[in-house]
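# Observations on the three-dimensional arrangement
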Amino acid sequence: MKVRDTPEEWDVVASEEHFSGRVIEVRTDTVRMPREQVADRDYVVHPGSVAVVALDADERVLLIRQYRHPARHLLWELPAGLRDVQGESLVAGAARELAEEAGYRAETWHTLVDLYTSPGMSNERIRVFLARDLTKIPEEENGFVHQHEEIDMPVEWVPLPDAVEKALMGMIHNSPAVAGILAAYAASVEGFALLRPADAPEE
């Protein structure tokens, strides 16, 4: 059997929206299961996200720390953000987030890994990019104003092997950060030669 995720959609015989907020919706779908059974499935409708593993010339990964209220934690994360700009490509959104949250731009981009964050309860998809050949954006060129949780976010450059160790030791918990760090480390073995292009389609 070929191991590859494939699109599939079972019949929805009823659907009810319980909540619609600034970013997410909460729905209950009544889904037709095998043998003609039906069952309710609650889930979050999410616009999707992008994230960036930014590696410098010394193969250090850029991490930022942000307060996450649902988790009640300060989490070390990758620069990331919502797919909330109409018509913006995924890589352009990732570049925007890298510039806004960390103040860097990158010349070389690849698709690193695609994730469903929690497919049993949300349809959120995250594409994690690898960004290299980085340059710092001069302060006068970066007019992004940080608000709320993004105010005073520290930036830390961590050697990639050390970031892997921190993920495996339970010191980094953010799911795209853990997946991105481990994927970047695995990809580095082949000199990143096996990665998909930045504009690779999502399957």
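Above this text is the structure in question.
Procedures and definitions
Residues numbered from 1 in each chain as written. Predicted model: local features only at pLDDT ≥ 70, side-chain atom pairs only at ≥ 80, totals over all residues. Heavy atoms only, no water. Core = buried A, V, L, I, M, F, W, Y, C linked by side-chain atoms within 4.5 Å. Buried < 20%, exposed > 50% of the residue type's maximum accessible area, 1.4 Å probe, protein only. Helix = DSSP H or I, 4+ residues; strand = E, 2+ residues; numbered from the N terminus. Contact = heavy atoms within 4.5 Å. Polar contact = N/O pair within 3.5 Å; in protein donor to acceptor, adjacent residues only side chain to side chain. Pairing = 2+ DSSP bridges. Salt bridge = Lys/Arg side-chain N within 4 Å of Asp/Glu carboxyl O. Axes fitted to C-alpha atoms, helices over the stretch in contact; angles between N-to-C directions. Parallel < 35°, antiparallel > 145°, perpendicular 65-115°, else oblique. Left-handed = near helix turned anticlockwise from the far one by under 90°. Nonpolar A, V, L, I, M, F, W, Y, C, P; charged D, E, K, R; others polar.

### Regarding the nonpolar core
Residues Val-53, Val-61, Leu-78, Leu-112 and Val-128 are the most contacted members of the largest nonpolar core, which totals 24 residues. Contributions of two or more residues to this core are made by strand S4 (49-54), strand S5 (60-68), strand S8 (104-116), strand S9 (125-136), helix H2 (160-168) and helix H3 (175-188). The biggest single contributor to this core is H3, with 5 residues. Here Leu-78 is in contact with Ala-51, Val-52, Val-53, Val-61, Leu-62, Leu-63, Ile-64, Glu-101, Val-128, Pro-176 and Ala-177, once residues within four sequence places are set aside. Judged by nonpolar contacts, the second largest core, of 17 residues, contains Val-52, Ile-64, Ala-94 and Leu-98.

### Structural notes on the side chain of Ser-122
Tracing the sequence through the fold places Ser-122 in the loop between S8 and S9. Owing to a relative accessible area of 12%, Ser-122 belongs among the buried residues under this scheme. At a separation of 3.1 Å, a polar atom in the side chain of Ser-122 contacts the main-chain amide nitrogen of Glu-124. Setting aside its immediate chain neighbours within four residues, Ser-122 contacts Tyr-43, Val-44 and His-46.

### Things to note about the pairing of S4
Burial analysis of S4 places 6 of its 6 residues in the buried class, which makes it a mostly covered element. Alternating residues of S4 divide into Ser-49, Ala-51 and Val-53 and Val-50, Val-52 and Ala-54, and every residue in both groups is buried. Sheet analysis places S4 next to strand S7 (residues 80-82), joined by 3 bridges and oriented antiparallel. Considered in S7, the bridge of Val-50 is made with Gly-81.

### Structural notes on the pattern of salt bridges
As enumerated under the stated definition, the model contains 14 salt bridges in all. Measuring nitrogen to oxygen at the nearest pair gives 3.6 Å for the salt bridge that ties Arg-27 to Glu-17. Pair noted here: Arg-27 is in strand S2 (residues 25-32) and Glu-17 is in strand S1 (residues 12-20), with a separation of 10 residues, a long-range link. By relative accessible area, which is 42% here, Glu-17 ends up partly exposed.

### Digging into the sheet that holds S4
The 5 strands are arranged S7-S4-S9-S8-S11 in an open sheet whose pairing can be described as mixed. Strand pairing shows two members of the sheet lacking a second neighbour, S7 and strand S11 (196-197), which therefore form its edges. Where S8 lies against S11, 2 bridges are found, and the strand directions are antiparallel. Bridge pairing in S11 places Thr-111 opposite Arg-196. Of the strands in this sheet, S4, S7, S8 and S9 are in contact with helix H1 (residues 90-102), which crosses S8 at around 115 degrees.

### Some details on the packing of H2 against H3
Where H2 contacts H3, the axes come no closer than 9 Å and their chain directions differ by 135 degrees. If you check the angle between H2 and H3, you find them oblique. Like other packed secondary-structure pairs, H2 and H3 cross with a definite hand, here left-handed. Mapping the contact onto sequence places Leu-160, Pro-161, Ala-163, Val-164, Ala-167 and Leu-168 in H2 and Val-178, Ile-181, Leu-182, Ala-184 and Tyr-185 in H3. Taken together, the residues of the contact of H2 with H3 sort by class into 11 nonpolar, no polar and no charged.

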